[in-house]
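Architecture and fold: a report
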Amino acid sequence: MTFSVPLAGVMGWPVEHSLSPKLHGFWLGQMAIKGYYLPLMVQPTELARALWSLPALGFRGVNITVPHKEHAIHLVDEVAPIAHKIGAVNTITVKKDGSLHGTNTDAFGFIENLNACAPGWEVGRPVLVIGAGGAARAVCVGLLEAGATEIRICNRTRSKSERLAREIEGNCIAVDWTDRSAACEDVGLLVNTSSLGMRGAEPLSIDLARLPKDAVVSDIVYVPLETPLLVAAKLRGNTVVDGLGMLLYQAQPGFRSWFGKKPEVTSGLRAHVITE
Ligand code: ATR
């Protein structure tokens, strides 16, 4: 059965803080598409039932956010290779036959944003990634697909950085948490994927003295937009890339697949999404 009004949404628990309805709503309005993108509050125990109801409800697909991304990979009919590599699904499309296709657009979003905000970043220089959680995994996969030759993964819990370095194929090295400042030597890109620097959390404590002045510094935290790390990096002349862009770019493929048109990431969209 085909439904004339295209529907999509984001499943999370909680979901009220998600910026996705605002950003997809902006694109729908801009393109005058008569469709809806809804926040869908789904308890972890209800995820399977909620996902499997999407075809009957006429949904074209959904985004998946915390805490469902890892679980969702086991519930869809088809998993894209990139989602397998990242170990999580963030974008699901309902196919014509009612089956669910899951992919992950976080790595794409990270790299697209980097290319847009720091077009001169050099993939051939070492990268230092702070953190080893789900976001770090997506960032590392994106970097490796883009051609990164050396990734230093530095995490408070060393066993997790070792595991991540082992699991993703590429030249990834686990670095001790106490060596994070020394590991800035020679890097062309420093990325914070940890929750440090987020509003309400302590800042990332790192000495940038050894970081080359032409290195790019990126933070995936976007509340606040200018984290203490980005402020410090900017002060010493490094190019900085905030975390909001990744969120905007990762949304592009889903919108295109559900609503049929490629949306643009513009300053107008950024301004709309960050206004209260
Ligand atoms: P996400 O999916 O967003 O990456 P996550 O998997 O919970 O979230 O990962 C959070 C990351 O922030 C982890 O790398 C975590 O380090 P640990 O693996 O040691 O827990 C890091 N992190 C959170 N709080 C931290 C803190 N106070 N100091 C250092 N790292 C911290």
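For the structure, see preceding data.
As a starting point, this report considers the structure included with it. (Residues numbered from 1 in each chain as written. Predicted model: local features only at pLDDT ≥ 70, side-chain atom pairs only at ≥ 80, totals over all residues. Heavy atoms only, no water.)

1. What to know about the overall build of the protein chain
Short version of the rule: The numbering of helices and of strands both runs from the N terminus, where a helix is a DSSP run of H or I of at least 4 residues and a strand a run of E of at least 2. Taken over C-alpha atoms, the radius of gyration is set against a globule rule of 2.2 Å times the number of residues to the power 0.38. Accessibility here uses a 1.4 Å probe with only protein chains present; expressed as a share of the type maximum, an area under 20% marks a residue as buried, one over 50% as exposed, and anything in between as partly exposed. Residue contacts are defined here by distance: any two heavy atoms, one from each residue, within 4.5 Å place the two residues in contact. Per-residue accessibility takes into account occlusion by the displayed protein chains alone, with areas from the Shrake-Rupley method and a 1.4 Å probe. Positive charges are assigned to Lys and Arg, negative charges to Asp and Glu, while His and the chain termini are left out of the count. Taken as the charge centre is NZ of Lys, CZ of Arg, CG of Asp or CD of Glu, depending on the residue.
The secondary structure content of the protein chain amounts to 11 helices and 12 strands. At 19 Å, the protein chain has a C-alpha radius of gyration in line with the 19 Å of a compact globule built from 276 residues. Its C-alpha atoms put the protein chain at 60 × 40 × 35 Å along the principal axes. Buried residues in the protein chain amount to 51% of all 276 residues. Within the protein chain, counting contacts between residues at least 6 apart in sequence, those at least 24 apart form 66% of the total. When the accessible surface of the protein chain is split by element, carbon and sulfur atoms take 54% of a total near 13000 Å². Side chains of the protein chain carry 26 positive and 26 negative charges; the gap between the two charge centres is 4 Å.

2. Brief notes about the state of the cysteines
Rule in force here: Here, a disulfide means two cysteine sulfur atoms that sit within 2.5 Å of each other.
The tally for this structure, following the rule as stated, stands at 0 disulfides. Cys-140 takes part in no disulfide bond, and the closest cysteine sulfur, belonging to Cys-172, lies 5.4 Å away. Taking the relative accessible area as the measure of exposure, Cys-140 reaches 0% and is therefore buried.

3. A look at a nonpolar patch on the surface
The line we're drawing: Each patch is assembled from residues with relative accessible area greater than 30% and no salt bridge, linking like charges that lie within 9 Å and nonpolar side chains (Val, Leu, Ile, Met, Phe, Trp, Tyr) that lie within 5 Å. Any Lys or Arg side-chain nitrogen located within 4 Å of an Asp or Glu carboxyl oxygen qualifies as a salt bridge.
A surface patch of nonpolar side chains, about 260 Å² in accessible area, is lined by Val-5, Tyr-36 and Leu-38. Looking at the secondary structure, you find Leu-38 in strand β2 (residues 36-41). Take Leu-38: its relative accessible area is 32%, and that puts it in the partly exposed class.

4. A look at the nonpolar core
How we decide: We define the nonpolar core as a collection of buried residues of types Ala, Val, Leu, Ile, Met, Phe, Trp, Tyr and Cys that are connected through side-chain atoms lying within 4.5 Å of one another.
The biggest cluster of nonpolar side chains holds 31 residues, and the ones touching the most others in it are Phe-110, Val-129, Leu-143, Ile-151, Ile-153 and Leu-189. Of all the secondary-structure elements, those providing two or more residues to this core are α6 (106-117), β7 (127-130), α7 (134-146), β8 (151-154), α8 (158-167) and β10 (189-192). By residue number, the principal contributor to this core is α7, which donates 7 residues. Contacts of Phe-110, omitting those with residues within four sequence positions, involve Val-139, Leu-143, Val-191, Ser-218, Ile-220 and Met-246.

5. Quick word on helix α9 (residues 228-235)
Operational definition: In this description, the arc belongs to the directions extending from the helix axis to the C-beta atoms.
Of the residues making up α9, those classed as buried are Leu-229, Leu-230 and Ala-233. Seen from one end, α9 has its buried residues packed into an arc of 95°, which puts them on one side. Considering only its buried residues, α9 is in contact with β10, β11 (216-219) and β12 (239-241).

6. Some thoughts on unusual backbone geometry
The omega angle of the peptide bond from Trp-13 to Pro-14 is 5°, so this bond is cis rather than trans. Structurally, the position occupied by Pro-14 is in the loop between β1 (7-12) and α1 (20-30). The omega torsion of the bond from Val-223 to Pro-224 falls at 5°, within 30 degrees of zero and hence cis. Relative to the helices and strands, Pro-224 is located in the loop between β11 and α9. Unusually for a residue other than glycine, Ala-32 sits at a positive phi of about 50°. Following the sequence through the fold, Ala-32 ends up in the loop between α1 and β2.

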